Amino acid sequence: MDLQPSFSFELFPPRTPEGVAKLPAAISQLASVGPNYFSVTHGACGSDQDGTYDTLLTVVEHTGVDVAPHLTCVGSTRANVARTLQRYQEAGVKRIVALRGDLPDNARTPFAPGEFRYASDLVTFIRQTCGDTFKIEVAAYPETHPEAGCPDVDFDNFRRKVEAGADGALTQLFYNADAYFDFMERCEKAGIDIPIVPGIMPITSFEKTLRFCTSCGADLPRWVRLRLEHLQNDRTALLEFGLSVVTRLCETLLRNGAPGLHFYTINHAEPTLRLWNSLALTVPA
Ligand code: FAD
């Protein structure tokens, strides 16, 4: 197993001409600190597929850094996924983040439409069709996936993805380090030893942080929520407080064995780089 910590930056395909224009500068700034790879999100139900590919090409064009496209399977067919995998293979992609994707709002059943039901089916399909061509990352939920009724069942479902052939996992964002450590203990007991890299979202706004946490079921500790609410009209103070909270979280995670950090950049270099500098990370050569 890789003993060097892995640091990665997540991007999304910009949806406006302004976002497209700003992306190369953000990518170059982020690449300057030497991440192991960038990842690029992919809209569920096949949306944004070209956006993911175009963003991937932008990273390739502006940096020499590896790119891992996310691949969602909800609403997709085996033939479509096979075509996408072929395209990635031809582009020299070596790593994929394999996901189910969020169910459409109008979904009538709790099951994913299309030919894949769960991310574990997608991992199995990638292994069957592409062997070991790609390193496969999957999603992990230290605080339990919001659709799952029971943490134990959700953990069993995570294990299915590992058994299907995942090489590593990236977690949902969280601000409670104990949730991650508890998840790691459960993995150890279950004999799961793939690297599980915490997903880190810098704090830059009270409203956005609250919204992100609500949408993915992450616990925003009461004291953090109250402080952010109190500071919401003082941007400088809020940024400083948010930075100290997330720096402490990252330091605690790394000091206690986290195998790296995956930063949700939302295509903004500055908050992630401020955090990076505050951590004074020693980047692997
Ligand atoms: P799964 O692992 O399939 O799990 C989904 C639900 O089904 C869980 O509740 C699980 O417990 C349950 N389940 C799984 N297997 C079974 C089974 N065999 N029987 C019964 N129940 C089962 N979304 C996007 O649309 N695009 C992205 O690019 C994207 N990137 C992400 C990156 C990261 C690091 C993370 C953490 C999430 C990302 N998401 C993305 C969000 C993700 O798609 C959603 O959280 C989605 O609802 C679940 O995807 P999954 O791959 O975890 O699904």
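Preceding this section is the structure that the text describes.
Residues numbered from 1 in each chain as written. Predicted model: local features only at pLDDT ≥ 70, side-chain atom pairs only at ≥ 80, totals over all residues. Heavy atoms only, no water.

Participant: Just checking my understanding: could you explain the sheet that holds strand β3 (residues 66–72) for this structure?
Facilitator: Sheet strands line up and pair through hydrogen bonds in the backbone, either parallel or antiparallel. One closed barrel accounts for eight strands, arranged β1-β2-β3-β4-β5-β6-β7-β8; its pairing is parallel. This sheet shows a mean twist of 25° between the axes of neighbouring strands, independent of strand direction. Taken together, the three bridges between strand β4 (residues 95–99) and strand β5 (residues 135–140) define a ladder with parallel strand orientation. Across the sheet, the residue bridging to Arg-95 is Lys-135, located in β5. Across the sheet, helix α3 (residues 78–90) lies against β3 and β4, angled at about 175° from β3, the strand it touches most. Contacts between helix α9 (residues 235–255) and the sheet are confined to β1 (6–11), β7 (196–200) and β8 (260–264), with β7 contributing the most and set at about 175° to the helix. (Pairing = 2+ DSSP bridges. Helix = DSSP H or I, 4+ residues; strand = E, 2+ residues; numbered from the N terminus. Axes fitted to C-alpha atoms, helices over the stretch in contact; angles between N-to-C directions. Contact = heavy atoms within 4.5 Å.)

Participant: Would you explain the pairing of β3 in this entry?
Facilitator: Within a regular strand, the side chains alternate between the two sheet faces. Burial of β3 is extensive: six of the seven residues sit out of reach of the surface. Sheet topology places strand β2 (residues 37–40) next to β3; four bridges connect them, and they run parallel. Of the residues in β3, the one forming a bridge with Ser-39 is Ala-68. Bridge analysis of β3 against β4 gives three bridges, and the strand direction is parallel. When the sheet's bridge partners are listed, Thr-72 is paired in β4 with Leu-99. (Buried < 20%, exposed > 50% of the residue type's maximum accessible area, 1.4 Å probe, protein only.)

Participant: When you look at the pattern of salt bridges in this model, what are you seeing that I'm missing?
Facilitator: When charged atoms on two side chains of opposite charge get close, those side chains can pair. Throughout the structure, instances matching the rule amount to ten salt bridges. For Arg-127, the salt bridge identified is with Asp-167, shortest N-O distance 2.6 Å. With a gap of 40 residues between them, Arg-127 in helix α4 (residues 119–130) and Asp-167 in the loop between α5 (151–163) and β6 (168–173) connect regions that are remote in the sequence. Using a relative accessible area of 17% as the deciding quantity, one classes Arg-127 as buried. Overall, the relative accessible area of 30% leaves Asp-167 in the partly exposed class. One salt-bridge network, in which partners are shared between bridges, spans Arg-127, Asp-132 and Asp-167. (Salt bridge = Lys/Arg side-chain N within 4 Å of Asp/Glu carboxyl O.)

Participant: Which parts of the structure should I look at to understand empty space enclosed by the protein?
Facilitator: One pass over the structure, following the stated rule, counts two cavities of 30 Å³ or more. Considered as a void within the structure, the largest cavity measures approximately 60 Å³ in volume. Taken together, Pro-202, Ile-203, Thr-204, Leu-239, Leu-243, Val-246, Pro-271, Arg-274 and Leu-275 make up the lining of the largest cavity. Elements that contribute at least two residues to the lining of the largest cavity include exactly α9 and α10 (269–279). For the lining of the largest cavity, the class distribution of residues is seven nonpolar, one polar and one charged. If you add up the space inside the second largest cavity, you get close to 50 Å³. As for the second largest cavity, its lining consists of Tyr-141, Pro-142, Glu-143, Thr-144, Gln-172, Leu-173, Phe-174, Cys-216, Gly-217 and Ala-218. Split into classes, the residues belonging to the lining of the second largest cavity amount to six nonpolar, three polar and one charged. (1 Å grid on protein atoms, 1.4 Å probe; cavity = no way out; pocket = protein on both sides within 12 Å on 5 of 7 lines; lining within 4 Å. Points joined across faces, edges and corners; volume = space filled by probe spheres on them. Nonpolar A, V, L, I, M, F, W, Y, C, P; charged D, E, K, R; others polar.)

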